[in-house]
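# Notes for the structure review
In case you want the letters, here they are:
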Amino acid sequence: MNDQATDMEIPLVADLDGSLINTDLLFEALVLLLKKNPLYFFVCPFWLLKGKSFFKQRVFEKAILQYDCLPFNEHVTGFLKEEFNKGRKIVLATASPLSAAEEIAKVQPVFSEVYGTGDTVNLKGANKLSLLLEKYGARGFDYIGNSSADLVIFAQCRNAYLVNGSASVESKAKQNGNLKNVWAGKRTSVKDFIKAIRAYQWIKNLLLFVPLVTSHSLGSLNLVLLSFFGFCTFSLVASAGYLLNDLLDINGDRKHPRKKFRPVASGKISIPTAFIIAVLFLAGGLIFAATLGLWFFCIVLFYFCTSFSYSLFLKKIVLYDVFILALLYSVRVFAGAIVIDVVLSFWLIAFSTFIFLSLAFVKRYSELMQVEDSGNLKNRGRGYIVQDLTVLLMMGVVSGFLAVVVFSLYINSPEVTELYSKPRILWAISFLFLFWISRMWLFTTRGKMTDDPIVFALKDVTSYFVFAITGVLIVLASL
């Protein structure tokens, strides 16, 4: 009998978690369950006490997964389709519940047999091996796996296929002498972690330095250091929030043309790893905040709670979402004032409110434009419809121009003459702000704006030019 005929007679068994998909269904379900109702966090331990099988069944019953959005391993799915087209029997055997395995089989219609965890038996490791030996016998099947739990199965199958296995697992698998192929995906890199924590978003935390600048306190090294420590604190807490947001919105990100490539959504960084990093960053940020004073700790905690509430449900409520986004920007300015113990002026509060509200509207408008271009009528996961584009544009432009009006009134206020020897020079900044805001909205309406205006500004040479000239004018007005 030739090898091809033998292959056709030998079933090809594929594992699911970490093999067929670049994630773990149980963790996916847990995230969705806690997003649905955080109180399940206190229920899960009691389910687990009744056994892993019972725990999995209950979690998957309560959570609603979107199986078509999962990050499937292209190498494995491609191989399975090739073997299926040759007429080979393809089997799915997974530790995930049988109901979940059957849903996977609907998305990948190559499986003629499907096995999963039942009510009493957790189909993993030795339990899975017992089932496969009962069905096909020793050396009577080929197996695709990824973890140390699959080593006992590798030892009893005809040919073994390893997917993204660790060096230790690969070394042990080779000892059996039947390792036919290794699909080694790209390892998680430092770049992936930097991208996951959104380090580029830390530029928003430079807003903590605004009170330092407006109070003309740059000459105080102590205050500069306090602002810097505040910046570091907010960066840690913000990154924790971004990671938690990626976990909570993982299905939505996978449907987005650009967000689907994020490390968590694509499976480059596992759900447990992302959660652990988020907890460490949050703990570190809060501890750091506590060393900078009680009020600063309180505002950092307020920022995180508001940000997390936004990720959970506030971003789905029309208008609440943009005002919360604007608030999250403004909170940074308030925190900057608290950490160096200065009083914010009315003018700075008013200016911040309007300019950040305009940027929040830019974000929503650009997202809704993408929805319109895709042919949908409603922004999934948000409360907006494409008919809202006109009113969003109006509110956003008006908010931006109001910020300029506030700044112009500030130039004529008594406070300016106390801080600037040549306040008339500041009028040029009003025109620069008008130009910048008008340009931002023009690019937004033309569909050239990214999901985040801050990211756009980071890549925009003209924005750098405007900010640089603004800085020079402030210095000249102070001389």
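Rules used in this analysis
Residues numbered from 1 in each chain as written. Predicted model: local features only at pLDDT ≥ 70, side-chain atom pairs only at ≥ 80, totals over all residues. Heavy atoms only, no water. Helix = DSSP H or I, 4+ residues; strand = E, 2+ residues; numbered from the N terminus. Buried < 20%, exposed > 50% of the residue type's maximum accessible area, 1.4 Å probe, protein only. Contact = heavy atoms within 4.5 Å. Areas by Shrake-Rupley, 256 points an atom, 1.4 Å probe, with all protein chains shown as cover. Patch = residues over 30% accessible without salt bridge, like charges linked within 9 Å, V, L, I, M, F, W, Y side chains within 5 Å. Salt bridge = Lys/Arg side-chain N within 4 Å of Asp/Glu carboxyl O. Core = buried A, V, L, I, M, F, W, Y, C linked by side-chain atoms within 4.5 Å. Axes fitted to C-alpha atoms, helices over the stretch in contact; angles between N-to-C directions. Left-handed = near helix turned anticlockwise from the far one by under 90°. Nonpolar A, V, L, I, M, F, W, Y, C, P; charged D, E, K, R; others polar. Pairing = 2+ DSSP bridges. Right-handed = clockwise from strand over helix to strand, strands pointing away. Phe/Tyr/Trp six-rings, centres within 6.5 Å; stacked < 30°, edge-to-face > 60°. Lys, Arg positive; Asp, Glu negative; His and termini not counted. Charge placed at Lys NZ, Arg CZ, Asp CG, Glu CD. Expected span 1.5 Å × (residues − 1).

### Things to note about the overall build of the protein
Looking only at helices and strands, the protein has 23 helices and six strands in total. By its C-alpha atoms, the protein is 95 × 50 × 35 Å across when sized along the principal axes. Looking at the protein as a whole, 52% of its 479 residues qualify as buried. Of all intrachain contacts in the protein linking residues separated by at least 6 positions in sequence, the fraction that spans at least 24 positions is 66%. Put simply, the protein shows about 22,900 Å² of open surface, and 65% of that area lies on carbon and sulfur atoms.

### Observations regarding a nonpolar patch on the surface
A cluster of nonpolar side chains, contributed by V391, M394, V398, L402, V405 and L409, occupies part of the molecular surface with about 480 Å² of accessible area. Among the structural elements, L402 can be located in helix α19 (residues 389-411).

### Thoughts on the nonpolar core
Grouped together as the largest cluster of nonpolar side chains are 90 residues, with contacts concentrated most on F234, F296, V300 and F356. Considering every element that reaches this core, the biggest residue donor is helix α18 (residues 346-373), with 15 residues. V300 has contacts with T233, F234, V237, L286 and A289, leaving out every residue within four places of it along the chain. In terms of nonpolar packing, the next biggest core, distinct from the first, is built from 37 residues, I21, L26, A29 and F55 among them.

### A short note on the packing of helix α3 (residues 40-49) against helix α4 (residues 52-62)
Between two packed helices, what matters for the description is the angle formed by their axes and the separation of those axes. Between α3 and α4, the least distance of the axes is 8 Å, while the angle of their chain directions is 145°. At the point where α3 passes α4, the crossing takes the right-handed sense. In this structure, α3 uses Y40, C44, W47 and L48 to contact α4, whose residues at the interface are F54, F55, R58, V59 and K62. Taken together, the residues of the contact of α3 with α4 break down into seven nonpolar, no polar and two charged.

### Quick word on the sheet that holds strand β3 (residues 113-117)
In a beta sheet, neighbouring strands are held together by backbone hydrogen bonds and run either parallel or antiparallel to one another. The six strands lie next to each other as β3-β2-β1-β4-β5-β6, forming an open sheet whose pairing is parallel. Both edges of this open sheet fall to β3 and β6 (179-183), since each of them pairs with a single strand only. Going across the sheet, the axis of each strand differs from the next one's by a mean of 15°, ignoring polarity. Along the sheet, helix α9 (residues 167-174) makes contact with β5 (160-163) and β6, crossing β6 at roughly 165°.

### As for the pattern of salt bridges
Using the criterion set out here, one finds 18 salt bridges in the structure. Across the salt bridge formed by R439 and D460, the nearest N and O atoms sit 2.6 Å from each other. Residue R439 is found in helix α21 (residues 427-445), and its partner D460 is found in the loop between α22 (453-459) and α23 (461-478); the two are separated by 21 residues along the sequence. Neither R439 nor D460 differs from the other in exposure class; each is buried. Taken together, the shared-partner salt bridges connect E83, K86, R88, D142 and R158 into one network.

### Notes on the pairing of β6
Inspection of the sheet shows β5 paired to β6 by four bridges, in the parallel sense. Paired with L162 across the two strands is V182, which belongs to β6. Taking the sense of rotation as the criterion, the β-α-β connection linking β5, α9 and β6 turns out right-handed.

### Comments concerning the environment of P97
With respect to the secondary-structure elements, P97 resides in strand β2 (residues 90-97). For P97, a relative accessible area of 0% puts it in the buried group. In this structure the C-alpha to C-alpha distance between P97 and K36, which are 61 residues apart in sequence, comes to 20 Å. If we ignore the near neighbours within four places in the chain, the residues touching P97 are K56, Q57, F60, G116 and T117.

### Considerations on the packing of aromatic side chains
One pass over the structure, following the stated rule, counts 24 aromatic pairs. With 5.1 Å between their ring centres and 40° between their planes, F79 and Y161 make a pair best called tilted. Of this pair, F79 sits in helix α5 (residues 74-85) while Y161 sits in strand β5, placing them 82 residues apart in sequence. When sorted by exposure, F79 lands in the same class as Y161, which is buried.

### Overview of a positive patch on the surface
On the surface, K186, K191, K195 and K268 cluster together into a patch of positive charge. Here K191 is to be found in helix α10 (residues 190-196).

### Some thoughts on helix α17 (residues 320-340)
Counted at 1.5 Å a residue, the expected span for α17 with its 21 residues is 30 Å, and the 30 Å between its end C-alpha atoms agrees. For α17, a buried count of 16 out of 21 residues is recorded, marking the element as mostly surrounded by other parts of the structure. Immediately beyond the C-terminal end of α17, within one or two residues, lies D341, with a positive phi of roughly 60°.

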